[in-house]
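Structural overview for review
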Amino acid sequence: MKHENRIFNILYIICACLTLTALVRPFLSQNAIPAIASGPPVASIDPAPSDLTPAEIRRAALTFDDGPHPVYTEQLLDGLKERGVQATFFVTGEHAELHPDLIRRMRDEGHLIGNHTYSHIQLTADNREKFKNELIQTNEILYEITGDEIQYVRPPYGSWDKKLETDLNMFPVLWNVDPLDWQTANAGRVARAVIGKVSDNDIILLHDYYDTSVEAALMIVDELTRQGYEFVTVDKILFD
Ligand SMILES: [Zn+2]
């Protein structure tokens, strides 16, 4: 009788565990942050950053387009500062003019500032002059704010004309990892898209114009730092 009771108790515990697992699993899969924070099995085999030799350290560059945004860019700068991470900001002249204090803060905190045209114009077959003038105008605005010559440009939508490089003495910066952060309000999804695809020396495209992108960026920094990544500005990836 005692023996039967014990078997019954064991079966009861097994059933309870299975039920609990079934209840909790859908919750875990819908929430990116617990999945990342608790460390999936693959991530857990990565050595701690302090155990890596210099040759094993991987690098990535976070790039943020379309800002500065008065609220989200500030939140992002706070988060990056807390983590000691430098990024690259491709700003529009229009937004830089509105928020010169944020441009100065980017420069003061070691971030690299690039040109994303004045009004986010796309280069087409018949607007080359206007496009070029927007780049010049934005360089002038940024020079006035920072005192620095701007060397890097991210052409909106990736449309570029190689001849502009010599005309303007500027270098275009495209990207390797695009999580399409502007298409979703789910920060976890954006973070997972980047973390699942990134490899050494990748350039990650995000936009500091959405709160969820900023949230995703900081998740990406935390998880990839844990995996041994170091974040650098794009010039280091392109020329070092
Ligand atoms: Zn853009």
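First, a word on scope: everything that follows refers to the structure included in this document. No experiment lies behind these values; they were computed from the predicted model shown.

Considering the packing of aromatic side chains
A ring pair, where both rings are aromatic, is described by two values, the distance of the centres and the angle of the planes. This structure, assessed with the given rule, holds four aromatic pairs. Ring geometry for Tyr152 versus Phe239: centroids 6.5 Å apart, planes at 40°, classification tilted. Taken together, the residues span a long stretch of sequence, with Tyr152 in strand S4 (residues 152–153) and Phe239 in helix H11 (residues 234–239) at a distance of 87 residues. Residue Tyr152 is classed as buried on the basis of its relative accessible area, which comes to 7%. The interplanar angle of 65° and the centroid separation of 5.1 Å between the aromatic rings of Phe171 and Phe239 together place this pair among those described as edge-to-face.

Digging into the coordination of the zinc ion
Protein coordination at the zinc ion: the donors are Asp66 (OD), His116 (NE2) and His120 (NE2), at 2.0 to 2.1 Å from the metal. Mapped onto the sequence, the residues coordinating the zinc ion show the spacing D-x49-H-x3-H. Take His116: its relative accessible area is 2%, and that puts it in the buried class.

A few points about a nonpolar patch on the surface
Among the surface-exposed residues, Phe171, Leu238 and Phe239 lie close enough to one another that they form a single nonpolar patch of about 270 Å² accessible area. Tracing the sequence through the fold places Phe171 in strand S5 (residues 171–172). Residue class for Phe171 comes out partly exposed when judged on its relative accessible area of 33%.

Re the environment of Leu218
Residue position: Leu218 is located in helix H10 (residues 211–226). In the structure, Leu218 is positioned 31 residues away from Ala187 in sequence and 9.8 Å away in space, judged by C-alpha atoms.

Topic: helix H4 (residues 72–83)
The first and last C-alpha atoms of H4 sit 17 Å apart over 12 residues, in line with the 16 Å expected at 1.5 Å per residue. In the core, the buried residues of H4 are packed alongside strand S1 (58–65), strand S2 (88–91), helix H6 (100–108) and H10. Directly after H4, the chain includes Gly84, whose backbone phi takes a positive value near 65°.

What about the pattern of salt bridges?
Inspection of every chain in the model, using the stated rule, returns 16 salt bridges. Its salt-bridge partner being Arg226, residue Glu223 comes within 3.2 Å of it at the nearest N-O pair. With Glu223 and Arg226 both in helix H10 and three residues apart, the pair spans about one turn of that helix. Residue classification places Glu223 among the buried residues on the basis of a relative accessible area of 5%. Each of Glu74, Asp78, Lys81, Arg105 and Glu109 takes part in a single network of salt bridges with overlapping partners.

Basis of the calculations
Residues numbered from 1 in each chain as written. Predicted model: local features only at pLDDT ≥ 70, side-chain atom pairs only at ≥ 80, totals over all residues. Heavy atoms only, no water. Phe/Tyr/Trp six-rings, centres within 6.5 Å; stacked < 30°, edge-to-face > 60°. Helix = DSSP H or I, 4+ residues; strand = E, 2+ residues; numbered from the N terminus. Buried < 20%, exposed > 50% of the residue type's maximum accessible area, 1.4 Å probe, protein only. Donors = N, O, S within 2.8 Å, 3.2 Å for Na, K, Ca; no water. Patch = residues over 30% accessible without salt bridge, like charges linked within 9 Å, V, L, I, M, F, W, Y side chains within 5 Å. Areas by Shrake-Rupley, 256 points an atom, 1.4 Å probe, with all protein chains shown as cover. Salt bridge = Lys/Arg side-chain N within 4 Å of Asp/Glu carboxyl O. Expected span 1.5 Å × (residues − 1). Contact = heavy atoms within 4.5 Å.

Read these as spatial facts, not as claims about activity.
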